[in-house]
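Here's the letter readout for the chains.
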Amino acid sequence: NIDSSKYLVNVYHIKGKKIIHLQDITPFEIYKQAKKDFVSNVSHELKTPISVLKSAMETIEDEIKDSNILKFVDMAKKRINQMDSLINDLLILARLESQEDLVKKKKYLLRKQVEDIFEDLQHLTKDKNIKLKNNIPKNFEVYADEQKLSIALKNLIENAIKYNVQNGIVEVNAKTDGKYDTISVIDTGIGIPPESIPLVFERFYRVDKSRSRNIGGTGLGLSIVKHITEAHKGKVWVESQVGKGSRFYIKIPKT
Ligand code: ADP
C-alpha cells in the first residue's frame, strides 16, 4: 500500500533477497504544485488591472478627438490586448497542467462545434477576405472533452486565418478509421519553413519574429493544442510548404 505520488519505488533482487528502495518525492511534488499555483495566481492577479486599463482606455478614446493623442491610445490598447491574450493563454496552460483539470470525454457532433468556432472568428476573416469551409460530415461524432477540443480547434483555425494570404481559404475536415478520428485544419497561407516545423509546438516559439510581430499572438497557442491532444491520448502534427500553406492534424482515439 505505497502511495506512488509520495514515493518512487525501486525493487532490487540481490543474492535471493528482495530489496525495496523508497525515495520520498514529496518535496519535488510540493515544488511542482507551487510552480503551477504561482503561474495561475499571478495570471489571476493580472487580469483585474488589465481589465481596468482596458475600460479606462475606451473612456479616454471616447473623450478625446485629437488624432495625435488617439494614436498613442491606440498603441496602448494594442499592448493591453496583447497582455490580455498572454494572460489568458498562461491561465489555460496552468489549468491544463493542474491535476484537478481532468479530461471529461463524451460523444458529440463535430460539425456544430466547428460552425460555432467559425462564427466566433468571423471578424478576423474580413481584412483579407478569407473563406472558411466546414467539410465535417453532418453525423460525424468525436469522443472528446468538448470544451478542450474546442480550445484546440479554435487555436488552429485562428492561426490558419492569421497566417493566410489575401482571398485565402481555410478548410476543416474529419475522417475516421473506426479506431481513431483525424481532424485536419488546412490553409492556403504563408506556410512554415522546414527548419521551424519541429519547433512550432514549443512554448513561446514564433517563426521569424519580424514576420510574426505584425500578426498578434503569444507563441503559446500550439503548445496548448499539443497539451490538449496528448491529454486525449492523441497526436498532433503539421505538414507545410512555404508560400503554399499548412495542414495541421489532430488524431484522437474513438474510445
Ligand atoms: P502564435 O500566438 O504566435 O500564433 P502559436 O503557438 O499558435 O503562436 O504558433 C507558433 C508559430 O507557428 C506562429 O508564431 C507562426 O509563426 C507559426 N504558425 C502557426 N500556425 C501557422 C499556420 N497555419 N501557418 C503558418 N505559420 C503558422
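For the structure given in this document, a descriptive report is provided here. (Residues numbered from 1 in each chain as written. Predicted model: local features only at pLDDT ≥ 70, side-chain atom pairs only at ≥ 80, totals over all residues. Heavy atoms only, no water.)

## A word on the nonpolar core
Nonpolar side chains in soluble globular proteins tend to end up buried together. Leu110, Leu149, Leu153, Ile157, Val170, Val172 and Ile250 are the most contacted members of the largest nonpolar core, which has 40 residues in total. Per-element tally for this core: the top contributor is helix H4 (residues 146-162), with seven residues. Ignoring anything within four residues of it in the chain, the contact list for Val172 reads Val114, Phe118, Lys133, Asn134, Asn135, Ile136, Ile157, Ile183, Ser184 and Val185. Counting residues in each nonpolar core, the second largest holds five residues, with Ile50, Met57, Val73 and Ile80 among its members. (Core = buried A, V, L, I, M, F, W, Y, C linked by side-chain atoms within 4.5 Å. Buried < 20%, exposed > 50% of the residue type's maximum accessible area, 1.4 Å probe, protein only. Helix = DSSP H or I, 4+ residues; strand = E, 2+ residues; numbered from the N terminus. Contact = heavy atoms within 4.5 Å.)

## A short note on the site of the ligand
In the vicinity of the ligand, 21 residues are found, and the nearest of them are Asn159, Tyr163, Arg206, Thr218 and Leu222. Between an oxygen atom of the ligand and a main-chain N or O atom of Gly219, the distance comes to 2.9 Å. With the chains in place, 99% of the 530 Å² that the ligand exposes on its own is no longer accessible. Counting only elements with at least two residues in the shell around the ligand, the list comes to H4, helix H5 (209-213), helix H6 (221-231) and strand E9 (245-253). Examining the composition of the shell around the ligand, we find that three residues originate from one element, H4, more than from any other. (Near = heavy atom within 4 Å. Polar contact = N/O pair within 3.5 Å; in protein donor to acceptor, adjacent residues only side chain to side chain. Areas by Shrake-Rupley, 256 points an atom, 1.4 Å probe, with all protein chains shown as cover.)

## Considering the packing of aromatic side chains
For the structure on display, the rule yields two aromatic pairs. Ring centres of Trp237 and Tyr249 lie 5.0 Å apart, and the angle between their planes is 15 degrees; on these two criteria the pair is classed as stacked. Here Trp237 is found in strand E8 (residues 235-241), whereas its partner Tyr249 is found in strand E9, with 12 residues between them in sequence. The residue whose ring lies beneath Lys251 is Tyr180, and the NZ or CZ to ring-centre distance is 5.2 Å. We note Lys254 situated over the ring of Phe140; from NZ or CZ to the ring centre the distance is 5.4 Å. (Phe/Tyr/Trp six-rings, centres within 6.5 Å; stacked < 30°, edge-to-face > 60°. Lys NZ or Arg CZ within 6 Å of the ring centre and 35° of its normal.)

## Quick word on unusual backbone geometry
Within the chain, Asn129 stands out as a residue other than glycine whose phi angle is a positive 55 degrees. Within the chain, Phe204 stands out as a residue other than glycine whose phi angle is a positive 70 degrees. Turning to its location among the elements, Phe204 is positioned in the loop between strand E7 (180-187) and H5.

## Observations regarding the pattern of salt bridges
Per the counting criterion, the structure on display carries 10 salt bridges. In this structure, Lys47 engages Asp84 in a salt bridge whose closest nitrogen and oxygen atoms are separated by 3.5 Å. With a gap of 37 residues between them, Lys47 in helix H1 (residues 26-63) and Asp84 in helix H2 (residues 67-97) connect regions that are remote in the sequence. Of the charged contacts in the structure, one is a salt bridge between Glu146 and Lys106, with a shortest N-O distance of 2.8 Å. Taken as a pair, Glu146 in helix H4 and Lys106 in strand E3 (residues 106-109) lie far apart in primary sequence, 40 residues in all. For Lys106, a relative accessible area of 40% puts it in the partly exposed group. Several salt bridges share partner residues, and in doing so they unite Lys47, Lys54 and Asp84 into one network. (Salt bridge = Lys/Arg side-chain N within 4 Å of Asp/Glu carboxyl O.)

## A word on a nonpolar patch on the surface
Together, Ile2, Tyr7, Val9, Val11, Ile20 and Leu22 make up an exposed nonpolar region whose accessible area comes to about 490 Å². For the nonpolar patch, the elements supplying multiple residues, two or more each, are strand E1 (7-14) and strand E2 (17-24). Counting residues per element, the nonpolar patch draws most heavily on E1, at three residues. Looking at where Leu22 falls in the secondary structure, it is placed in strand E2. (Patch = residues over 30% accessible without salt bridge, like charges linked within 9 Å, V, L, I, M, F, W, Y side chains within 5 Å.)

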